[in-house]
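One letter stands for each residue in the lines below.
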Amino acid sequence: MKIINVIPRQRWEIVFRDNDSWQAGIYYPEYISREEIDILEKHNVPELFYLIQGEIILVLSRDLKEIKEVPMEPGKLYIIDEWHNAYRPNGKNGVALVIERTNVKTIYTRIK
C-alpha cells in the first residue's frame, strides 16, 4: 500500500503513475478569478477531476464560443472532455485530484 499526503506545492504535480497506463495528480489552480483566465486546454482523452478540499470553479467550453463556470462539489466526479481551465475563487484554498492517461496530449487556445 502507498499513502500519499495531499500537499499542494504547485499548479500540477503527478503523485502516482502506473507504468504507461494512467497517472494521478494534485491540481491547485493558479488563477483566483475568471477574469484572469486567458487560455483553455483540451486533451485527446477525458480526465477525471475530484474536489479534495476547498473551492474550485471549472471553466468549460465545447465550442470556444460559450464559456460556462461550474463550481465543483464534494463527493462528485467530473469527467472533462472539453476545453477547460479552473480557478480558486478569491484565492481560497482549492485542491483537486486529477486522473488521466499517461500519454495524454494537450492543445491550448487563447480566449482573450
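What you see is a predicted model; the values in this text were computed from it and never measured. (Residues numbered from 1 in each chain as written. Predicted model: local features only at pLDDT ≥ 70, side-chain atom pairs only at ≥ 80, totals over all residues. Heavy atoms only, no water.)

**What to know about the layout of surface pockets**
Roughly 210 Å³ of volume is contained in the largest pocket. Of all the secondary structure elements, the ones that give two or more residues to the lining of the largest pocket are strand S3 (39-43), strand S4 (47-54), strand S8 (83-87), strand S9 (94-101) and strand S10 (106-110). When its residues are assigned to classes, the lining of the largest pocket shows 6 nonpolar, 4 polar and 4 charged. (1 Å grid on protein atoms, 1.4 Å probe; cavity = no way out; pocket = protein on both sides within 12 Å on 5 of 7 lines; lining within 4 Å. Points joined across faces, edges and corners; volume = space filled by probe spheres on them. Helix = DSSP H or I, 4+ residues; strand = E, 2+ residues; numbered from the N terminus. Nonpolar A, V, L, I, M, F, W, Y, C, P; charged D, E, K, R; others polar.)

**Thoughts on the pattern of salt bridges**
Here the structure, examined in full by the defined rule, presents 8 salt bridges. With a closest N to O distance of 3.1 Å, Asp38 and Arg110 form a salt bridge. Taken together, the residues span a long stretch of sequence, with Asp38 in the loop between strand S2 (22-27) and S3 and Arg110 in strand S10 at a distance of 72 residues. Judged by relative accessible area, which is 24%, Asp38 ranks as partly exposed. Taking relative accessible area as the criterion, Arg110 reaches 57% and is therefore assigned exposed. Among the charged side chains, a salt-bridge network with shared partners connects Arg11, Glu30 and Glu41. (Salt bridge = Lys/Arg side-chain N within 4 Å of Asp/Glu carboxyl O. Buried < 20%, exposed > 50% of the residue type's maximum accessible area, 1.4 Å probe, protein only.)

**Re the sheet that holds S4**
Taken together, 5 strands build an open sheet; the order of strands is S1-S2-S9-S4-S7 and the sheet is antiparallel. What marks the edges here is a single partner per strand, and that holds for strand S1 (12-18) and strand S7 (77-80). Geometrically, the sheet is characterised by an average inter-axis angle of 25 degrees between neighbouring strands, direction not taken into account. For S4 and S7, the ladder comprises 4 bridges, and the chain directions are antiparallel. Note that in S7 the partner of Phe49 across the bridge is Tyr78. (Pairing = 2+ DSSP bridges. Axes fitted to C-alpha atoms, helices over the stretch in contact; angles between N-to-C directions.)

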